[in-house]
Amino acid sequence: MKLREIAHSRTGDKGNTSNISVIAYDPRHFPLLQQQVTAERVRAHFAGVVEGEVVRYELPNIAALNFVMDQTLGGGVTRSLALDAHGKSLSSALLDLEIDDGHTS
Amino acid sequence: MRTIRIGSGAGYSGDRIEPAVELAEKGDIDYLVFECLGERTVALAQQARMRNPEAGYDPLLEERMRAVLPLCAARGIKIVTNMGAANPEAAARKTADIARSLGLSKLKIAAVVGDDVLDACKSHDLPIMEFDGTIKQLGNKLLSANAYLGAEPMAEALSAGADVVITGRASDPALFLAPMIHAFGWAMDDWNLLGRGTVAGHLLECAGQITGGYFADPGYKDIPDLARLGFPIGEVGEDGSLVVTKVPGSGGAVTAQTCKEQLLYEVHDPQKYFQPDVVADFSQVCVEEIAPDRVRVSGGRGTKRTDTLKVSVGYVDSFIGEGQISYAGPGALARGRLALDIVRERLKLTGVSTSELRFDLIGMDSLHGPQVSAHGNEPYEVRVRVTGRTENLREAVRIGNEVETLYTNGPAGGGGAWKSARDVVAVASVLLPRELAKPHVRFVEA
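Computed from a prediction, not measured in an experiment: that's the story for all the values here.

How each quantity is defined
- Residues numbered from 1 in each chain as written.
- Chains lettered and ligands numbered in written order.
- Predicted model: local features only at pLDDT ≥ 70, side-chain atom pairs only at ≥ 80, totals over all residues.
- Helix = DSSP H or I, 4+ residues; strand = E, 2+ residues; numbered from the N terminus.
- Rg over C-alpha atoms; globule rule 2.2 N^0.38 Å.
- Buried ≥ 20, exposed ≤ 12 C-beta atoms within 10 Å, placed from the backbone.
- Contact = placed C-beta atoms within 7 Å.
- Expected span 1.5 Å × (residues − 1).
- Axes fitted to C-alpha atoms, helices over the stretch in contact; angles between N-to-C directions.
- Parallel < 35°, antiparallel > 145°, perpendicular 65-115°, else oblique.
- Nonpolar A, V, L, I, M, F, W, Y, C, P; charged D, E, K, R; others polar.
- Pairing = 2+ DSSP bridges.
- Bend = angle between axes of the 7 residues up to and from the residue.

## A look at the overall build of chain B
Tallying secondary structure elements over chain B gives 13 helices and 18 strands in all. Relative to the compact-globule value of 22 Å for 446 residues, chain B shows a C-alpha radius of gyration of 24 Å, a close match. Residue burial in chain B is summarised as follows: out of 446 residues, 55% are buried. The contacts in chain B between residues at least 6 apart in sequence include a share of 76% that link residues at least 24 apart.

## Some thoughts on helix α4 (residues 88-101) of chain B
Residue and element names in this part refer to chain B. With 14 residues, α4 should cover 20 Å at 1.5 Å per step; its first-to-last C-alpha distance of 20 Å lies within 8% of that length. Within the sequence span of α4, burial applies to P88, A90, A91, A92, K94, T95, A96, I98 and A99. Looking at the buried residues of α4, the elements they touch are α3 (61-75), β4 (108-113), β6 (164-167) and β18 (440-445).

## Looking at the packing of helix α1 (residues 18-26) of chain B against α3(B)
Residue and element names in this part refer to chain B. Relative to each other, α1 and α3 sit at 10°, their axes nearing to 9 Å. It follows from the interaxial angle that α1 and α3 lie roughly parallel. Mapping the contact onto sequence places A20, V21, A24 and E25 in α1 and R64, A67, V68, L71, C72 and R75 in α3. Split into classes, the residues belonging to the contact of α1 with α3 amount to 7 nonpolar, no polar and 3 charged.

## A closer look at the interface of chain B and chain A
On the side of chain A, 31 residues touch chain B, which itself brings 43 residues to the contact. Secondary structure elements with two or more residues in the side of chain B that touches chain A: α9 (256-263), β11 (286-291), β14 (308-328), β15 (356-362), α11 (369-372), β16 (381-390) and β17 (415-433) of chain B. Looking at the side of chain B that touches chain A, its residues break down into 18 nonpolar, 11 polar and 14 charged.

## Considerations on the environment of B:S159
Relative to the elements of secondary structure, B:S159 occurs in helix α6 (residues 152-159). With 14 C-beta atoms counted inside 10 Å, the residue B:S159 sits in the partly exposed group.

## Describing the sheet that holds strand β7 (residues 232-237) of chain B
Residues and elements named next belong to chain B. Within the open sheet, the 10 strands sit side by side as β11-β12-β8-β7-β1-β2-β3-β6-β4-β18. Their pairing is mixed. Looking at which strands have only one partner, the edges of the open sheet turn out to be β11 and β18. Along the sheet, successive strands turn relative to each other by an average axial angle of 25°, direction set aside. Relative to strand β12 (residues 294-298), strand β8 (residues 242-246) is paired through 3 bridges, and the arrangement is antiparallel. Paired with V243 across the strands is R296, a residue of β12. The strands touched by α4 are β4, β6 and β18; relative to β4, the strand with the most contacts, the crossing angle is about 170°.

## Things to note about α3(B)
Residue and element names in this part refer to chain B. Between the first and last C-alpha of α3 there are 20 Å, a value that for 15 residues agrees with the 21 Å anticipated at 1.5 Å per step. The axis of α3 is deflected most strongly, by about 40°, at V68, and proline P70 appears within four residues downstream. Of the positions making up α3, those classed as buried are L61, R64, M65, V68, L69, C72 and A73. Elements that come into contact with the buried residues of α3 comprise α1, β2 (31-34), β3 (78-81) and α4.

Written out as structure tokens, the structure reads:
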């Protein structure tokens, strides 16, 4: 299944760094997010977009992960050549990530 | 326990105006905060002020103030805003003029000044955080340097009886923290209270982003009545407790989900949310729906503030030229790709000097690049977009021209060409020893 089925997400920007939250609709899915939505997978998913490091923070109280992606916004929101200089649409791309829910469908 | 109700009337400079009027009219609020100052807005406003000493504040100040001042004056609602941009004193004088013209006398308008730290930054030649270089190395490209001030001068203005407090650059959550410090007498070293207040300010500062804006995803996250989106109200207790809500009957929704998304918006390490007044810790925050459109947020904490203030430095970075043209129907994608190839070659052939170029197909890969978008379907129409960074306006203009000439020289059926060329004012950051910024308050009476 897609990550979109079990989580929602929002992107924020600061300078050339983008952060993307991934929040489980149901807290019971949080372990699945912890196991499968790793910083390495997120970095690979954003190949060609993220130039720097990806760091993951965990917020178990709200069943959320926060990904901080360095060197992602074309040199910074105020100077980027990109159509979406803020990277606001990146959260939707992340929700396309494939999640293995342990069932064969 | 004493509680205050703070309404958030704008999340950015161009935001809708009626939701703020609705808050003042029906929100039973004590304070109305307008956050209107983007990252580079101060730098642009500084340029405006250099051309005209009475300019340099938010262009919508007059419209917003005219819309809410009579209601706020009648109900005793205090206004706090960063619409002062590069010229808070002129904004205060303008607001006093507006108040008089509306027949409102005796309003006390306060301007918080001192965020402009250009001289201090120049004399200390501070290193830039985002790239290798220092303030001095920016030379005559340097436009402005404004420190993110904390809540203290705004709280001081409120305690001195201000009805309207107008700042320039200040931390966004501090606009909300100031009324709490003023109303509850919080000590400026009670880090946990300041941390909790910062959670509240952070959640409220983007206005509609916590009431269902920037959130709806049909079938997954449905939000009613976004055209009449209500802006949020924070009910803050003197112990820093918080309930987020909105005006009954307004559009949108306040849910645990909207609050969680906004909690992490523009946050990096949730344990270290650096503010001028405190380092806030969001990592233990809990969110609980207690009634429809009422969400309790608890668990915010804080630790001692740092010895530096973040300073936003505006500078002339470069020029950007851009051109766009559309193709549709069968083969649209192939013609769009051909168009990009032609422009790529033309820019080389004609020797356009650029330091960076970008070739996008809107509808295909313009948002996330060719790799992330590789598995997308072929669209009915695509829009070619070529952008490039140049050293001067003349070169920037040539980029759009090379797209426009595709009309008569490019693939079949290109339509709707558009071009632009502009200068780029960018921002970078430095950290300034906090004692070098000297904020103070000046009053104007209407």
